[in-house]
Amino acid sequence: LINTLGENNLALSQVYEPLIGYYSNSDDITKAREYAQKNLDIVEHTYGKGHKKTISALKSLSACYSSEMRFREAEEYINQAIEITEREFGLESEMMAMCLSARINLYISEGNAKEAYLSIEELEEILLKKAGKKSLPYAELLIFKSKTDISSEEKGKLLHEVLDIYKQHHDEGNHNFI
């Protein structure tokens, strides 16, 4: 099939995406990673580095490496996705919220709660400067922060702040978030 269609044919990407999920769920993560790499190659060749599909493919490949406990490689790919997202879509974008979530999940999977929390703090500082307290990426970080070792009262305050941000975005007509 590859010889007939060519290795960078977009039709193959549409087959690879569900195969990544299939092999991830069947515990053959090596096969999932192989398809994730092929998918990244195709979408990057077809759409370029700055496209949402490329960013999603980078996140998918990062998740595969994380599942294999290959955290250094996973971090490289998720950081590429974050850099591209910031450049192409900005800190305020929904895509950035998803990328930041993936990076924090990576640190949690690695068992590195300290790095996850430090990452939350670092990203929170950046978001406060560039995107503000009412941005969707900031709301996503508050959710992660609420899952850390803080008091119930603090968790409640954080989650109410998230609800306020979601309500504001909903009231402004943004119904396509998280």
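Structure shown above.
Notes on the structure follow. (Residues numbered from 1 in each chain as written. Predicted model: local features only at pLDDT ≥ 70, side-chain atom pairs only at ≥ 80, totals over all residues. Heavy atoms only, no water.)

### Brief notes about the packing of helix α3 (residues 29–47) against helix α4 (residues 52–67)
A pair of packed helices is characterised by two quantities: the angle between their axes and the separation of those axes. Relative orientation of the contacting elements α3 and α4 amounts to 160 degrees, with a least axis distance of 9 Å. In terms of their interaxial angle, α3 and α4 are classed as roughly antiparallel. Note on packing geometry: the crossing formed by α3 with α4 is left-handed. Two secondary-structure elements touch here, α3 through I29, A32, R33, A36, Q37, N39, L40, V43, E44 and Y47 and α4 through K53, T54, A57, L58, S60, L61, C64, Y65 and S67. Residues of the contact of α3 with α4, tallied by class, amount to eleven nonpolar, five polar and three charged. (Axes fitted to C-alpha atoms, helices over the stretch in contact; angles between N-to-C directions. Helix = DSSP H or I, 4+ residues; strand = E, 2+ residues; numbered from the N terminus. Parallel < 35°, antiparallel > 145°, perpendicular 65-115°, else oblique. Left-handed = near helix turned anticlockwise from the far one by under 90°. Contact = heavy atoms within 4.5 Å. Nonpolar A, V, L, I, M, F, W, Y, C, P; charged D, E, K, R; others polar.)

### Notes on the packing of aromatic side chains
Aromatic rings in a pair are described by how distant their centres are and how their planes are angled relative to each other. Taken as a whole and assessed by the stated rule, the structure comprises four aromatic pairs. Judged by centre distance (5.8 Å) and plane angle (10 degrees), the rings of Y23 and Y35 are stacked. Here Y23, found in helix α2 (residues 10–25), pairs with Y35, found in helix α3; they are twelve residues apart in sequence, far enough to count as distant. Note on accessibility: Y23 and Y35 belong to one class, buried. Centre to centre, the rings of Y65 and Y77 are 5.6 Å apart; their planes meet at 5 degrees, and the pair counts as stacked. (Phe/Tyr/Trp six-rings, centres within 6.5 Å; stacked < 30°, edge-to-face > 60°. Buried < 20%, exposed > 50% of the residue type's maximum accessible area, 1.4 Å probe, protein only.)

### Points about the environment of E75
Mapped onto the fold, E75 is located in helix α5 (residues 71–88). Those residues in contact with E75 that sit more than four places away from it in its chain are L106 and Y107. A distance of 2.4 Å separates polar atoms of two side chains, one belonging to E75 and the other to Y107. (Polar contact = N/O pair within 3.5 Å; in protein donor to acceptor, adjacent residues only side chain to side chain.)

### Section: unusual backbone geometry
At D27, a residue that is not glycine, the phi angle is positive and equals roughly 65 degrees. Topologically, D27 is positioned in the loop between α2 and α3. The residue M69 is not glycine, and still its phi comes out positive at about 65 degrees. Here M69 lies in the loop between α4 and α5. Taking relative accessible area as the criterion, M69 reaches 58% and is therefore assigned exposed.

### Topic: the pattern of salt bridges
If charged atoms from side chains of opposite charge come close, those side chains can pair. According to the stated counting rule, one finds eight salt bridges in the structure shown. A salt bridge links E44 to K49; the shortest N-O distance between them is 3.6 Å. E44 gets classed as partly exposed once you look at its relative accessible area, which sits at 25%. (Salt bridge = Lys/Arg side-chain N within 4 Å of Asp/Glu carboxyl O.)

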